[in-house]
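In case you want the letters, here they are:
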Amino acid sequence: MEWWMILLAIFSGLFVLFALGVPVGYAFLSVNIVAVALIWGGGPGLEQMMLSVFRSVTNFSLLPLPLFILMGELIFNSGLGDKSLDALDKWIGRIPGRLSMVAVLGGTLNAALSGSSMASTAMLSSCLYPEMKKRGYRSEMSIGPLLGTGGLATMVPPSNLGVILAALAGISVGDMLVAIVAPGFLLSIAYLVYIGVRCYFQPHLAPPYATSHYSLRTKITFSLKYLLPLSSIIVVVMLLIYFGIATPTESSVFGVLCSFILGIVYKGWDPRVLRVSLKQTVLVTGMMFIIICASVTFSEILAFTGVTEKLIQIFLSLFSSPFWVVVAMQIILFLMGMFLESLPIMMITVPIFWPILNSYHIDPLWFAVIMLLNIELGMITPPFGLCLFAVKGVLPELGMRGIYRCAVPIVLLQLIVLALLIAFPAITLWLPMSMHQ
Amino acid sequence: MKLKRIFDVISEALVWMSSVLLALIVLSVALEVFLRSVLNRPQAWVLEFSEYGLLFITFLVASFLVRTEKNISVDIVTELLEERTRAWLSVVQHGIICVVAFVFVYFGSSATLDLYQRGIYNPTIMQVPMAYVLFIIPVGGFFILIQALIRLRESIRKQREIRENLVPEV
C-alpha cells in the first residue's frame, strides 16, 4: 500500500469518526487498532499496542497536568477566584470599556487557574455579559473581548495544553511554561490597548458609567486579602521553575498545597471543597489522558509506514527556507483549529511536524509556543471555532452572525501577535534562554 | 436494572479510588521534596509511583466518563442533526467504544499474562514487574466495556422508540 493511501485512510478514518461524534480518544484508539491489526498483524501487534498505551501515559512530563488542574479547582471551589476578580474590579474606575477590560484581566487571572479556553470563555461570558448588556455595551466590546479570553487561557501559565504539547513533543515542560509567559502577557496587553483605543474614539461602543466609589484603603485591603495571595501562588510556582529550584511537578505540588491552605484560611475546613476538587481533577485528567493513550502508537504507525519520512521529503522539496515551512505549518494548524479541538490537533500534527522541524533545525520550543497560540486562534475563528459555540451555548439569544462579526477584530489581533512571535523569536525565547543562563 | 445500578456504583467507587490516588501522588511528591531538601534523602520510588498513578487514574475514571458521556468529542456536526439521526449515531458511538474496550480487555489480559509469565520488569530503580502495572488496562477496559454495553442497549432502545413514534398509525 502506498504511503499516501495509508495517510489518506488514517486521516479520513479519523475525521469520519470525529464527525460521527465518537469521543476523540476512542476515535484515535480505533484507528490505531485497525492500523496495527493490518500493518503488524492481529495478536502480537495489539499486545504491543497495550505497551504503547502504558508508555504514552506513564510520562513524567505529564505529571504537572493533573496537579495544575487540582490547584485551579481548589482555588475555584473555595470561592477565592471570584473574590479575586471582585478585588480586581474595584481597581478599575470610570474608564471607557471598563467591563471589557475587567473581562481581559479576569481572563488572564482565570487562565492561570483553569487553563481551558472554552471553560474560561463560557464562565466569563455568563458572569460579565449580562452586566455589559445592562450598561449598553455594543456586542463588539462585549462578545469580542470575551472571545479573546479563550486565547489567553492557554497562553498564560500554568497552561494545561502547554504541558500536554511539551509532553507530546518531548520539550521540557519548565521551558514551555516559561516560554509562554511573554507571549501570554503580550496578548493580554494587545487586548487592553485595543479596547482602550477603540472605546476612546468610539465611546458609544462601551458607554462609561458611574461605578461605586471605593476608598484606596478598601482597594488595598481587598487586594492584600484576595488578589495578592492568589497571584503570589502562581508567581511563586513560576519562579520556582524559572530559577530551577523545583521541577514543574514539584512546583505544581507546592501550588496545590498552598491553594489547599488558602482555601482553609478563607472558607474554613470544608471537606466538600477537597472532595469536589479531587473528583473534578481526576475526571478532567481522564478525559485528556484517554486521548493521550493513543499518542505513542499513532506516531509509531506514521513512522513505520513511511508517512513521516515521505512528508519530510515533500516539505524539503517544496520549501528551501525554514520560514516558509513555519508559515505553511501555521496555515495548516489554523485551518484545523477551525474544525477541531486543541488536543486532537496536537495528536495529529506533532508526530508529523516535529521530524520536519528537526530537518530544518527550527527551534521546537519557539514553534510549540506559536503553535499553541495558533490553535487557540482557530478556536475563535468563524465559522466553526469552538469558543464561538461556547459563547452561543451560554448566551443563546445571540445570533451566530453577530458572534462571527465580533470575533473578527480579536482574530486580527491574535494574528498580529502571532506575526510578531514569528518575526521576533526573541519574544518567546528570551525568558527560557535567560533561565538556562 | 439491578446489575446496571451495581455497575454505576462501581464506576463511582472507581472515581473515588482515583481521587485518593491523586491525593497520594500530591502527598508523596511533597514528602519527597521535604526528605530530599531537608534531610538529604531523595526517594526514587516517588517518581515511578506517580507515573504509574497517571495510568491508573486514566483507566479507573474511564468507565465513569463513558457512563456520563463526558468524554471529549467533536459535536459540531452531530448537533446539527435531528434527534432520530443522533440516536442512531449514539448506537454507532457506543458500538465503537465497545470494540476498543474489548481490545483493552482481551489483548490487555494477554499482554499482562505474557509479561507475568516471562517475569518482565520495568528497567527502572523500583524494578516493578510490568504485569503488576499493566493489569489496570484490562481491568479498566472491562468496566468501560460494561458501561458502553449498557449505553449501547439504551441507545438501541431509544432509537427503536423514536422509530416507532414516527410510524403513522393505521
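Each value, and the rule that gives it
Residues numbered from 1 in each chain as written. Chains lettered and ligands numbered in written order. Predicted model: local features only at pLDDT ≥ 70, side-chain atom pairs only at ≥ 80, totals over all residues. Heavy atoms only, no water. Helix = DSSP H or I, 4+ residues; strand = E, 2+ residues; numbered from the N terminus. Rg over C-alpha atoms; globule rule 2.2 N^0.38 Å. Contact = heavy atoms within 4.5 Å. Areas by Shrake-Rupley, 256 points an atom, 1.4 Å probe, with all protein chains shown as cover. Lys, Arg positive; Asp, Glu negative; His and termini not counted. Charge placed at Lys NZ, Arg CZ, Asp CG, Glu CD. Expected span 1.5 Å × (residues − 1). Buried < 20%, exposed > 50% of the residue type's maximum accessible area, 1.4 Å probe, protein only. Axes fitted to C-alpha atoms, helices over the stretch in contact; angles between N-to-C directions. Left-handed = near helix turned anticlockwise from the far one by under 90°. Nonpolar A, V, L, I, M, F, W, Y, C, P; charged D, E, K, R; others polar. pLDDT = per-residue confidence, 0-100. Buried area = accessible area lost by both parts, 1.4 Å probe. Salt bridge = Lys/Arg side-chain N within 4 Å of Asp/Glu carboxyl O. Polar contact = N/O pair within 3.5 Å; in protein donor to acceptor, adjacent residues only side chain to side chain. Patch = residues over 30% accessible without salt bridge, like charges linked within 9 Å, V, L, I, M, F, W, Y side chains within 5 Å.

**Student:** Can you lay out the overall build of chain B for me, pointing to particular residues and giving the numbers?
**Tutor:** Per the secondary structure count, chain B includes 5 helices and 0 strands. Helices and strands in chain B line up, N terminus first, as α-α-α-α-α. Here chain B has a C-alpha radius of gyration of 21 Å; the compact-globule value for 170 residues is 15 Å, and the former is much larger. On the principal axes, the C-alpha backbone points of chain B span a range of 85 × 35 × 35 Å. Look at the contacts in chain B between residues 6 or more apart in sequence, and 76% of them connect residues 24 or more apart. Only carbon and sulfur atoms are counted for the fraction: they give 63% of the accessible area of chain B, which is about 9,300 Å². Of the charged side chains in chain B, 16 are positive and 15 negative, and the gap between their average positions amounts to 5 Å.

**Student:** Before we move on, could you go through helix H3 (residues 42–57) of chain A and cite the residues and values that matter?
**Tutor:** Here H3 of chain A spans 23 Å end to end across 16 residues, near enough to the 22 Å set by a 1.5 Å rise per residue. Of all the positions in H3 of chain A, only Gly45, Leu46, Met49, Met50, Leu51, Ser52, Val53, Phe54, Ser56 and Val57 of chain A are classed as buried.

**Student:** Requested: an account of the packing of helix H18 (residues 342–360) of chain A against helix H19 (residues 364–379) of chain A, with residues and values cited.
**Tutor:** All names here are of chain A. Axis separation between H18 and H19 bottoms out at 12 Å; the angle between their running directions is 150 degrees. As H18 packs across H19, the resulting crossing turns out to be right-handed. Contact residues: Ser342, Ile345, Met346, Thr349, Val350, Phe353, Trp354 and Leu357 in H18; Pro364, Phe367, Ala368, Met371, Leu372, Ile375, Glu376 and Met379 in H19. When the residues that make up the contact of H18 with H19 are grouped by side-chain class, the tally is 13 nonpolar, 2 polar and 1 charged.

**Student:** Give a description of the confidence of the model for chain A that names residues and reports values.
**Tutor:** Overall, the prediction assigns chain A a mean pLDDT of 84, with 95% of residues at 70 or greater. Here helix H7 (residues 117–134) of chain A stands out as the least confident element of chain A, with mean pLDDT 71; helix H2 (residues 24–39) of chain A is the most confident, with 91.

**Student:** Can you tell me about the interface of chain B and chain A, naming the residues and giving the values?
**Tutor:** Counting residues at the interface gives 56 residues for chain B, matched by 52 residues for chain A. In total, chain B and chain A occlude about 4,800 Å² of area from one another, counting both sides; carbon and sulfur atoms represent 83% of this. Our enumeration of links across chain B and chain A arrives at 2 salt bridges. Ionic pairing is found between glutamate 12 of chain B and lysine 279 of chain A, a salt bridge with its closest N-O pair at 3.9 Å. Counting every contact that joins chain B to chain A gives 5 residue pairs in polar contact (both at pLDDT 80 or more). A per-class count over the side of chain B that touches chain A returns 39 nonpolar, 11 polar and 6 charged.

**Student:** Tell me about a positive patch on the surface, and name the residues and values.
**Tutor:** Residues and elements named next belong to chain A. On the surface, a cluster of positive charge is contributed by Lys83, Lys225, Lys267, Arg272 and Arg275. Locating arginine 275 in the fold gives a position in helix H14 (residues 271–292). Arginine 275 sits in the partly exposed class, given a relative accessible area of 44%.

**Student:** Could you give an account of the environment of lysine 134 of chain A, naming the residues involved and the relevant values?
**Tutor:** Structurally, lysine 134 of chain A can be placed in helix H7. Overall, lysine 134 of chain A belongs to the exposed group, its relative accessible area being 62%.

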